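Each chain, letter by letter, is given below.
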Amino acid sequence: MTSTYTGRFAPTPSGFLHFGSLVAALASYLDARHVGGRWLLRMEDLDPPREVPGAQDAILNTLETYGFEWDGPIERQSDRLEVYAGVLQRLFDQGLVYACTCSRKQLEGYHGVYPGFCRLAGYSQDDTALRIRVPQLEYRFIDRVQGEFSQHLGREVGDFVVRRRDGLYAYQLAVVLDDAWQGVTHIVRGADLLDSTPRQTYLQELLGFSLPRYLHVPLIIQPDGHKLGKSYRSPPLPMDLVSPLLTRALRALGQCPPSELNNASPRELLDWGILHWDTALIPRSRTLAESQLK
Ligand code: GLU
Ligand code: ZN
């Protein structure tokens, strides 16, 4: 089957892959391969101070051990800094991006919605954060699993940071530029990023990119309600229980391999998943408690 589908998995090396990352990687991989699409791997290494030494190699090693095969070379965001800088300079010259000198203290009490203090100040951009102007508009999209999602960018987010004061580029900017550059048509990822999507849609429209389709899979949470993320030091995926964990991740996505596959290899489980992938079976919830998974 020829396909116009390009998907990707885009881990951040600030930690190792955990069960929630496996669920997201598996969903994007199966969604792509089910239609004969391409599946790319991108290392989102934008934040060197938060990068855990060895995490990049460990992530690649884990993906290989779990049977994933990606197309083309691995792209790294750290190789793309000049592109991000060029785009920001253009947006700055157009007046769409501006320098913000606000301290964290000044922004306290605004519940994460930037109040626009520096919007008209015209500061020069050396050693400052850069923010992008957002319109007073509601952004709405239909997620393939979560359904309709909308967010008023002006009221709920405000002008957001595209480059931090320390010079690091923001995820929101890099992800949009890289997905467009790599020709990504379908984005499958964890539901923690649902509320980033309207910001990304705004940037895509502003930059004249076509809009990818989105599918957000439930975020796996620990019994105490914490997001199963790197910041909570959730355990890295083991290398010796690969098939049982793949089976568990398939089940978390509503795909239930038959008992004949109980002793199957990772490759056999992935091939079963590719053949039987059905997005209608994915739980339509934003979170799943890990303790409730069978
Ligand atoms: N790098 C992000 C993360 O690890 C994922 C970005 C995305 O899929 O859009 O959470
Ligand atoms: Zn400011």
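For the structure itself, look to the data block above.
Residues numbered from 1 in each chain as written. Chains lettered and ligands numbered in written order. Predicted model: local features only at pLDDT ≥ 70, side-chain atom pairs only at ≥ 80, totals over all residues. Heavy atoms only, no water.

Before going further, it helps to examine the overall build of the protein. When you go through the protein residue by residue, the secondary structure sums to 8 helices and 12 strands. Here the protein has a C-alpha radius of gyration of 20 Å; the compact-globule value for 294 residues is 19 Å, and the two agree. Considering only C-alpha atoms, the protein reaches an extent of 65 × 40 × 35 Å along its principal axes. By residue count, 52% of the 294 residues in the protein fall in the buried class. Nonlocal contacts in the protein, meaning residues at least 24 apart in sequence, comprise 76% of its contacts between residues at least 6 apart. In the form shown here, the protein has an accessible surface area of approximately 14,000 Å², with 51% of it arising from carbon and sulfur atoms. In the protein, 31 positive and 34 negative side-chain charges are present, and the distance between their average locations comes to 5 Å. (Helix = DSSP H or I, 4+ residues; strand = E, 2+ residues; numbered from the N terminus. Rg over C-alpha atoms; globule rule 2.2 N^0.38 Å. Buried < 20%, exposed > 50% of the residue type's maximum accessible area, 1.4 Å probe, protein only. Contact = heavy atoms within 4.5 Å. Areas by Shrake-Rupley, 256 points an atom, 1.4 Å probe, with all protein chains shown as cover. Lys, Arg positive; Asp, Glu negative; His and termini not counted. Charge placed at Lys NZ, Arg CZ, Asp CG, Glu CD.)

Looking now at the site of ligand 1. Residues in close proximity to ligand 1 total 9 residues, the closest being R8, A10, T12, E44 and R189. One nitrogen or oxygen atom from the main chain of A10 is found 2.7 Å from a nitrogen atom belonging to ligand 1. The side chain of T12 places a nitrogen or oxygen atom 2.8 Å from a nitrogen atom of ligand 1. Taken by itself ligand 1 offers 300 Å² of open surface, and the protein chains cover 83% of this. Residue classes in the shell around ligand 1 are distributed as 4 nonpolar, 1 polar and 4 charged. (Near = heavy atom within 4 Å. Polar contact = N/O pair within 3.5 Å; in protein donor to acceptor, adjacent residues only side chain to side chain. Nonpolar A, V, L, I, M, F, W, Y, C, P; charged D, E, K, R; others polar.)

Before going further, it helps to examine the coordination of the zinc ion (ligand 2). Four donors placed tetrahedrally about a metal ideally form angles of 109.5 degrees, and six donors placed octahedrally ideally form angles of 90 or 180 degrees. Protein-derived coordination of the zinc ion (ligand 2) comes from C100 (SG), C102 (SG), Y114 (OH) and C118 (SG), at a distance range of 2.1 to 2.3 Å. For the zinc ion (ligand 2), the 4 donor atoms in the first shell make angles of 103 to 121 degrees at the metal, so the coordination geometry reads as tetrahedral. As a motif over one chain, the donors of the zinc ion (ligand 2) read C-x1-C-x11-Y-x3-C. (Donors = N, O, S within 2.8 Å, 3.2 Å for Na, K, Ca; no water. Tetrahedral: all angles 85-135°; square planar, octahedral: opposite > 155°, others 65-115°.)

Once that is clear, we can look at the pattern of salt bridges. Side chains that carry opposite charge are capable of pairing whenever their charged atoms lie near each other. Overall, the coordinates contain 15 salt bridges when judged by the stated rule. Between D47 and R164 there is a salt bridge, and its shortest N-O distance comes to 3.4 Å. Residue D47 is found in the loop between β2 (38–43) and α2 (55–65), and its partner R164 is found in the loop between β8 (160–163) and α5 (171–181); the two are separated by 117 residues along the sequence. Assessed through its relative accessible area of 18%, D47 is described here as buried. The class for R164 is partly exposed, based on a relative accessible area of 33%. (Salt bridge = Lys/Arg side-chain N within 4 Å of Asp/Glu carboxyl O.)

Turning our attention to helix α1 (residues 19–34). In this model α1 runs 22 Å from its N-terminal to its C-terminal C-alpha over 16 residues, within 8% of the 22 Å that 1.5 Å per residue would give. Along α1, 15 of the 16 residues are buried, which leaves the element largely enclosed by surrounding structure. G36 sits one or two residues past α1 and shows a positive phi near 70 degrees. (Expected span 1.5 Å × (residues − 1).)

These figures capture arrangement, not role.
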